[in-house]
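Results of the structural survey
Okay, here's what each chain looks like letter by letter:
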Amino acid sequence: MHHLTPHFIIEQSEQGREQGRFPAASLFVDISGFTVVTETLMQHQQSGVEELARIMRAIFDPLAASIYRHGGFICTCAGDAITALFPLEPDQPAQAYRRALAAAWAIRQQMLTATQNTRYGAFHFTAKTGLGGGLVEWGIITGPTAHQNAYYFKGPAVETCAQAEHYAAGNDIILSRDFYGQLQPAVEVDPLPAVSDFVKLTSVLAPLPEPGAIVLPEVTPEQAAAFHPSELLQQKASGEFRHALNVFINLADMDSHPALVETMQVVFNLQQQYGGYLNRIDFGDKGCHLLLFWGAPIAYETDIERALNFLLDLRAAITQPLRAGVTYRISHAGFIGSKLREEYTCYGRGINLAARLMTHAPWGRIWLDEEMAQRADPDFAAEYID
């Protein structure tokens, strides 16, 4: 069974909890190199799919193992980037920061030799890592059916590690000032020009915590199916190359759990009408955003109509502003991540472009790429942006 939902969320759901908070050290790692390898292997159909699945496992399995063996867990997967949390221990709060650093350092060492050789060439990967900490807020949103639930993580811990990664290059590890304060004098750092809130790790001066055994609670198919379709959880194929619609939605004024619950009920109801697979609810430097796919894992001839009608009806039904980016491209539709924690996503240039369109669109607008606009004509009115 694919593990698409954090064990933490499954446990909270089983205990009847819908929201909460806890302090944690945090790690954000972004793997560079997957876009190139995906675009290259797309040209080789099924053999390319198999090779891509092998490469993904080779990169993500040791990365995820380093996180879990140091007491963390992956809360969010976002294609080639993951966010991990290391909950603070009440009697030893600084230990979580040391464990997060140990995981980041192990990942860096792994990625220094992360070249993957294939029959189609050699592919090189690097990892940009940000470390932060603070409060984490989490929530579970119950949908109108037993298998239509969602969850989220947000707060300073989630935001600071993502912000730190923005200043990384190559295999850099960037620390927030607060994270650095927890580790002095065990590390050496360099200041970043014109940036006061983050520093670059240069060396580790003290022994780091040793990795431990990975012990996770068993998750039943019934528990996992509360958040993802059973057919997807049991799918044997790793993925395929196919056309899919990538839909990024940015929601304004999502500052409270009740506000998000209210909006998500509209989303859930529209999904019952128009379909669409909800990949995640995410909070970060773009605020609250949703990622949905049409055309994967289930495809219909009317997917373009379904997706655009979904967006138009959602915009009309909610009171807060939204903006969206939509693309229609060939992607790798399948699983990415580790056997410990995966996500089902459509990976390729289309998803990156949809995110950029969403970010640059004015509030209240839905921006499409040119191919999407051409396919939507004449059923939908669109105008070109100068």
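Let us look at the structure shown here. The structure presented is a predicted model; accordingly, all values stated were derived computationally and were not measured. (Residues numbered from 1 in each chain as written. Predicted model: local features only at pLDDT ≥ 70, side-chain atom pairs only at ≥ 80, totals over all residues. Heavy atoms only, no water.)

On a plain count of helices and strands, the protein chain comes out with twelve helices and 16 strands. Here the C-alpha atoms of the protein chain give a radius of gyration of 21 Å, agreeing with the 21 Å that 2.2 N^0.38 yields for 386 residues. Here the C-alpha coordinates of the protein chain stretch approximately 65 × 50 × 45 Å along the principal axes. Every one of the 386 residues in the protein chain was classed for burial, and the buried ones make up 54%. Long-range pairs, those at least 24 residues apart, make up 75% of the contacts in the protein chain with a sequence separation of at least 6. Side chains of the protein chain carry 27 positive and 42 negative charges; the gap between the two charge centres is 4 Å. (Helix = DSSP H or I, 4+ residues; strand = E, 2+ residues; numbered from the N terminus. Rg over C-alpha atoms; globule rule 2.2 N^0.38 Å. Buried < 20%, exposed > 50% of the residue type's maximum accessible area, 1.4 Å probe, protein only. Contact = heavy atoms within 4.5 Å. Lys, Arg positive; Asp, Glu negative; His and termini not counted. Charge placed at Lys NZ, Arg CZ, Asp CG, Glu CD.)

Turning to the packing of helix α3 (residues 45-69) against helix α4 (residues 93-111), a few remarks are in order. Relative to each other, α3 and α4 sit at 160°, their axes nearing to 8 Å. Considering the angle they form, α3 stands roughly antiparallel to α4. For the pair α3 and α4, the sense of crossing is right-handed. Facing α3, whose interface residues are Ile59, Pro62, Leu63, Ser66 and Ile67, α4 presents Ala103, Ala106, Ile107, Gln110 and Met111. The residue inventory of the contact of α3 with α4, partitioned by class, reads eight nonpolar, two polar and no charged. (Axes fitted to C-alpha atoms, helices over the stretch in contact; angles between N-to-C directions. Parallel < 35°, antiparallel > 145°, perpendicular 65-115°, else oblique. Left-handed = near helix turned anticlockwise from the far one by under 90°. Nonpolar A, V, L, I, M, F, W, Y, C, P; charged D, E, K, R; others polar.)

Turning to unusual backbone geometry, a few remarks are in order. Cis rather than trans, the peptide bond between glutamine 184 and proline 185 has omega equal to -5°. With respect to the element layout, proline 185 can be found in the loop between α6 (177-183) and β9 (187-192). Look at the link from aspartate 377 to proline 378: it is a cis peptide, with omega at 5°. Inspection of the secondary structure assignment puts proline 378 in the segment after α12 (370-376). Even without a glycine there, the phi angle at glutamine 45 is positive, about 50°. Note on placement: glutamine 45 falls in helix α3. For alanine 194, which is not a glycine, the phi torsion comes out positive at approximately 65°. Topologically, alanine 194 is positioned in the loop between β9 and β10 (195-204).

What follows deals with the nonpolar core. In globular proteins that are soluble, nonpolar side chains generally tend to be buried together. If you look at the biggest cluster of nonpolar residues, it comprises 86 residues, and the most contacted ones within it are Leu27, Ile31, Phe34, Ile67, Phe125 and Phe153. Looking at this core element by element, the count peaks at ten residues for α3. For isoleucine 67, the contacting residues outside a window of four places in its chain are Leu27, Gly72, Phe73, Ile74, Ile82, Ala84, Phe86, Ala103 and Ile107. Listed in part, the 35 residues of the second largest apolar core include Leu260, Ile281, Leu292 and Trp294. (Core = buried A, V, L, I, M, F, W, Y, C linked by side-chain atoms within 4.5 Å.)

Okay, the environment of leucine 192 next. In this fold, leucine 192 is placed in strand β9. Exposure remark for leucine 192: the relative accessible area of 15% places this residue in the buried category. C-alpha separation for the pair leucine 192 and tyrosine 167, spaced 25 residues apart in sequence, amounts to 8.3 Å. Apart from the residues within four sequence positions on either side, leucine 192 is in contact with Tyr167, Ile174, Phe198, Val199 and Lys200.

In this section: the packing of aromatic side chains. When we look at a pair of aromatic rings, we describe it by the centre distance and by the angle of the planes. All told, the structure shown has 16 aromatic pairs when counted by the stated rule. Here the aromatic rings of tyrosine 151 and phenylalanine 153 are separated by 6.2 Å at their centres, their planes lie at 75°, and the arrangement is edge-to-face. Residue tyrosine 151 shares its accessibility class with phenylalanine 153, and that shared class is buried. One aromatic cluster in this structure is built from Phe8, Phe22, Phe73, Trp138, Tyr151, Phe153 and Phe227. Just above the ring of phenylalanine 283 sits the side chain of lysine 154; from NZ or CZ to the centre is 5.1 Å. In this structure, arginine 323 packs its charged tip against the face of tryptophan 363, placed 4.4 Å from the ring centre. (Phe/Tyr/Trp six-rings, centres within 6.5 Å; stacked < 30°, edge-to-face > 60°. Lys NZ or Arg CZ within 6 Å of the ring centre and 35° of its normal.)

Here we take up the packing of helix α9 (residues 257-274) against helix α10 (residues 303-317). Where α9 meets α10, the closest approach of the two axes is 10 Å, and the angle between their N-to-C directions is 150°. The angle between α9 and α10 places the two elements in the roughly antiparallel class. As for how α9 packs across α10, the hand of that crossing is right-handed. Side by side, α9 and α10 meet where Val266, Val267, Leu270, Gln271 and Tyr274 of the first sit next to Arg306, Asn309, Phe310, Asp313, Leu314 and Ala317 of the second. A breakdown of the residues in the contact of α9 with α10 according to their chemical character gives seven nonpolar, two polar and two charged.

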